[in-house]
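Given next are the chains, with one letter for each unit.
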Amino acid sequence: MTFCTLLGPAPAQAATGPGQATVEEQRLERPAAKEILERGGFADVAPGFARELAGARSYEAARRLVEREGSGLWRRAVDRVQGRGPAGGDLSRDDDRPLYWARLGLTRELRLWQPEFTLTEANRAALLDRLEQTSRGQTSVNYPAGGGYKRILLTGFDPFTLDRDIRISNPSGATALALDGTWIRTADGQLARIETMTFPVRWQDFADGVVERALTPVLPKVDAFTTVSQGRVGRIDVERFNGAWRGGFPDNDNASSTGPVPVSDPASQPQWTRTTLPYQDIVAGATGRFPVYDHTDVTEIPAGGTDAVDRPDGPTPGSTARAGGGGDYLSNEIAYRATLLRDRLGLSVPGGHVHTPVLEFGPANSDPATGSVTDPQFVRNRLDIVAQIRAIVRAAAR
């Protein structure tokens, strides 16, 4: 997520007012998006939701429908990835993209819906918000009662840079779907339950507190957590430091935001937070084919200075953040927000951020203008990344 550049076709045009599809939703009209929905078995999701919406005669009925359909979409996507029920199409089961595009289909239907009763924009926004929460697993984190096992939380992201390549998948989102509700043995032999959720690649959602709202009730219950996103080609990074700065790279709505990470109580906001994941154990472990690094680089303005300086060994005392180890995009920001929340809640659990390798198509399928939406190497790369992140979680939760 951090290191990509936005190149390629002209970006989608932004929505200009109420009752219009967002930039993200407009991409649903592109052939690759339609193909992914069809071949993933999710082409029926938005049309079915539209029919149900047409029958809703009150806000409460619409809210119940949104709750059911959003939660059902998350369960359906998790089941498909984890091999339960029919695949519904010939895309490999590990694919995260059908969920992404199906969710956009639901939000577009809800955004454009004109019910027979009066629906205020505030109520429509509340419905959209609930649809986002439920269809991302944010409301379904469920650790069984009792003790004798460890509780682990993992978060992932949507695909992004879609105007550069509409076919893009995000291995962090695929990992979240693959691991949600699963049990593992940690590196020291303890049983552990993994629960997951995903987040959008949109600056405004983060400014509105989507991360804190989702994580505040969960973090006090867990024994370890990791936020995950896509990072550099060919490597995995355990990010040591996270910075309180937004660098402005366009998000999935082609919006930019530059400046300090907006959080509550900014007067007590630190410039840096740091991982409490056991990075030395993770780096030393044989977790998979991609090399794993303890990544300590940051960019700062030193105390008393005015110019940004790259530091390979972390921030210096009194410096101002300009990029964490994970850069200055939303991957750095979720790491910063989650670890700041950990600290503000007074928790001592292991927690931090892991960057996956960039998920690449096969060499003969690299051109988005002529390439197909999947290929064997693309699938193998995603499966290998998911398996390695699972192994890293085992090491992190020891």
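The structure we're discussing is the one just above.
Residues numbered from 1 in each chain as written. Predicted model: local features only at pLDDT ≥ 70, side-chain atom pairs only at ≥ 80, totals over all residues. Heavy atoms only, no water.

A.B. asks: Is there a simple way to think about the packing of aromatic side chains in this case?
C.D. replies: Any two aromatic rings considered together are summarised by their centre-to-centre distance and by the angle between their planes. Per the counting criterion, the structure on display carries nine aromatic pairs. Plain terms: the ring middles of Phe160 and Tyr329 are 6.2 Å apart, the flat faces sit at 45° to each other, and that makes the pair tilted. In this pair, Phe160 sits in the loop between strand S1 (150-157) and helix H7 (171-179) while Tyr329 sits in the loop between strand S13 (320-323) and helix H11 (330-344), placing the two residues 169 residues apart along the sequence. Ring geometry for Phe249 against Tyr329: centres 5.0 Å apart, planes inclined by 80°, an arrangement best described as edge-to-face. (Phe/Tyr/Trp six-rings, centres within 6.5 Å; stacked < 30°, edge-to-face > 60°. Helix = DSSP H or I, 4+ residues; strand = E, 2+ residues; numbered from the N terminus.)

A.B. asks: Got a minute to help me understand the nonpolar core in this structure?
C.D. replies: Generally speaking, nonpolar side chains in soluble globular proteins are found buried as a group. Judged by nonpolar contacts, the single largest core of 38 residues is most densely connected at Trp101, Leu110, Trp113 and Leu127. Elements with a minimum of two residues in this core: helix H2 (31-39), helix H3 (45-54), helix H4 (59-81), helix H5 (97-112) and helix H6 (121-135). At nine residues, H4 tops the list of elements feeding residues into this core. When near neighbours in sequence (up to four residues on either side) are disregarded, Leu127 contacts Tyr59, Ala62, Arg63, Val66, Leu110, Trp113 and Leu119. One finds Ile152, Leu154, Val228 and Phe378 within the second-largest nonpolar core, a separate group that totals 27 residues. (Core = buried A, V, L, I, M, F, W, Y, C linked by side-chain atoms within 4.5 Å. Buried < 20%, exposed > 50% of the residue type's maximum accessible area, 1.4 Å probe, protein only. Contact = heavy atoms within 4.5 Å.)

A.B. asks: Would you mind showing me how to read the sheet that holds strand S12 (residues 309-311) here?
C.D. replies: Think of a sheet as strands paired side by side through backbone hydrogen bonds, with each pair either parallel or antiparallel. Strands sit in the order S12-S11-S13 across an open sheet of three strands; the sheet is antiparallel. The sheet is open, and its two edges are formed by S12 and S13, each paired on a single side. The mean inter-strand angle of the sheet, taken between neighbouring strand axes irrespective of direction, is 40°. For strand S11 (residues 298-301) and S12, the ladder comprises three bridges, and the chain directions are antiparallel. Considered in S12, the bridge of Glu300 is made with Val309. (Pairing = 2+ DSSP bridges. Axes fitted to C-alpha atoms, helices over the stretch in contact; angles between N-to-C directions.)

A.B. asks: It is not clear to me how H5 should be interpreted in this structure. Could you clarify?
C.D. replies: Since there are 3.6 residues in each turn of an α-helix, residues three or four apart along the chain are aligned in direction. Between its terminal C-alpha atoms H5 stretches 23 Å, which fits the 22 Å expected from 16 residues at 1.5 Å a residue. Summarising burial for H5: 13 of the 16 residues are buried, a large majority. (Expected span 1.5 Å × (residues − 1).)

None of this, on its own, says anything about what the molecule does.
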